[in-house]
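Given next are the chains, with one letter for each unit.
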Amino acid sequence: MWHEPECRNLSRLLIGTALYPSPDIMRQAIEASRADVLTVSLRRQNPADGGGEQFWDYIKDLGKRILPNTAGCKSVKEAVTTAQMARELFDTNWIKLEVIGDDYNLQPDPIGLLEATEELIRQDFEVFPYTTDDLVLCTRLAEAGCRTVMPWASPIGSGQGLLNPFNLTMIRARLPEVSLIVDAGIGRPSDAVRALEMGYDGVLINSAVALAQDPVAMARAFAGAVESGRLAYEAGVMPKRDFASPSTPTLGTPFWHGANS
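Worth saying up front: this structure is predicted, and the values here are computed from it rather than measured.

Close contact between helix α4 (residues 110-122) and helix α5 (residues 135-144) brings their axes to 10 Å; oriented N to C, the two are set at 10°. Here α5 runs roughly parallel to α4, going by the angle between their axes. Read as a crossing pair, α4 and α5 show a hand that is right-handed. Along the contact surface, α4 presents Pro110, Leu113, Leu114, Thr117, Glu118 and Ile121, while α5 presents Leu137, Arg140, Leu141 and Ala144. Across the contact of α4 with α5, the residue classes break down as seven nonpolar, one polar and two charged.

Put into structure tokens, the structure is as follows:
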């Protein structure tokens, strides 16, 4: 998706709208992040029911693109129904698809996720599936028609960063035409830099900003991290070496032989 012309000018930082100390701090943090896409949970506060009216007013006033998600859904039917409601309420066919299979680490249900993805794509949704860093599953999601796939860095909300960079690197290498967004587990701006340096198209964060001591300053830090990581990727990071290599060559270096010469 981020390879498409209509998305190339979007920020590579996507940000969530939950867990902030107050709606005003949420608004300030989102503005500081310079993110263009916000994720919102339909199940947490339903605008059709008038729930969290101030929250929805803040979201609307920000003028950002909304990526509704199916957070908390544990079955295909529940996720599909939530996606349908989100499309009607937010007037968008974008959906961040979550089908949770384990309550302890909130790991996605791979079978349910793929089934729900196939069904929603049949219904003309643009599906952004939240998945683990499983290469085979990411490949199947892409083959099902997802233009964007969102593997986790580590369990959602854990802040543990990129626990398995090898898996993430392999996914990037094997799916060069798919937009890849690292979703869940990022805790520090340096995690975002690393993901972008690996060639990922962006990162989605929430807890890392919302639970920081100063969410607004942390959002600003992540904005800079994403920009820095992408520039480093485009510039081409030098390869690691197993041996020392002098930055100043010895050829042409003057030698002083001292008093005995």
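Glancing now at the pattern of salt bridges. In this structure the tally under the stated criterion is twelve salt bridges. Where Asp201 meets Arg12, a salt bridge forms, and the shortest distance between an N and an O atom there is 3.9 Å. Taken as a pair, Asp201 in the loop between α7 (189-197) and β8 (202-205) and Arg12 in the segment before β1 (13-16) lie far apart in primary sequence, 189 residues in all. Neither Asp201 nor Arg12 differs from the other in exposure class; each is buried.

In the numbering used here, UniProt assigns the feature "active site" (unreviewed entry) to Lys96. Mapping Lys96 onto the fold places it in strand β4 (residues 94-97).

Owing to its 3.6 residues per turn, the α-helix aligns residues three or four sequence positions apart on the same side. Of the residues making up α5, those classed as buried are Leu137, Cys138, Thr139, Leu141 and Ala142. At the N-terminal end of α5, a side-chain oxygen is found 3.0 Å from the backbone nitrogen of Val136, two or three residues along, and the residue is Asp134. Trailing α5 by a residue or two, Gly145 shows a phi angle of about 125°, which is positive.

In the numbering used here, UniProt assigns the "binding site: 1-deoxy-D-xylulose 5-phosphate" (unreviewed entry) feature to Gly157, Ala184, Gly185, Asn206 and Ser207. A maximum C-alpha distance of 9.4 Å among these annotated residues, which run over 51 residues, shows that they cluster at one spot. Checked against the element boundaries, Gly157 lands in the loop between β6 (148-151) and α6 (165-174). Residues in contact with Gly157, not counting those within four places in the same chain, are Gly185 and Ser207. Of note, Gly185 is situated in the loop between β7 (179-183) and α7. Classification of Gly185 as buried rests on a relative accessible area of 5%. Among residues more than four places away in sequence, those in contact with Gly185 are Ser154, Pro155, Ile156, Gly157, Ser158, Gly159, Gln160 and Gly161.

Once that is clear, we can look at the confidence of the model for the protein. Per-residue confidence for the protein averages 88 on the pLDDT scale, and 87% of its residues sit at or above 70. Averaged pLDDT values over the elements of the protein bottom out at 75 in helix α2 (residues 53-62) and peak at 97 in α5.

Along the chain, Gly236 falls in the segment after α9 (215-235). Gly236 sits in the exposed class, given a relative accessible area of 52%.

Before going further, it helps to spend a moment on the side chain of Arg230. Relative to the helices and strands, Arg230 is located in helix α9. For Arg230, the residues in contact, after removing those within four places along its chain, are Arg12, Leu196, Gly199, Tyr200 and Asp201.

Thresholds applied
Residues numbered from 1 in each chain as written. Predicted model: local features only at pLDDT ≥ 70, side-chain atom pairs only at ≥ 80, totals over all residues. Heavy atoms only, no water. Axes fitted to C-alpha atoms, helices over the stretch in contact; angles between N-to-C directions. Helix = DSSP H or I, 4+ residues; strand = E, 2+ residues; numbered from the N terminus. Parallel < 35°, antiparallel > 145°, perpendicular 65-115°, else oblique. Left-handed = near helix turned anticlockwise from the far one by under 90°. Contact = heavy atoms within 4.5 Å. Nonpolar A, V, L, I, M, F, W, Y, C, P; charged D, E, K, R; others polar. Salt bridge = Lys/Arg side-chain N within 4 Å of Asp/Glu carboxyl O. Buried < 20%, exposed > 50% of the residue type's maximum accessible area, 1.4 Å probe, protein only. UniProt positions renumbered as here; feature names shortened; annotations may be inferred. Polar contact = N/O pair within 3.5 Å; in protein donor to acceptor, adjacent residues only side chain to side chain. pLDDT = per-residue confidence, 0-100.

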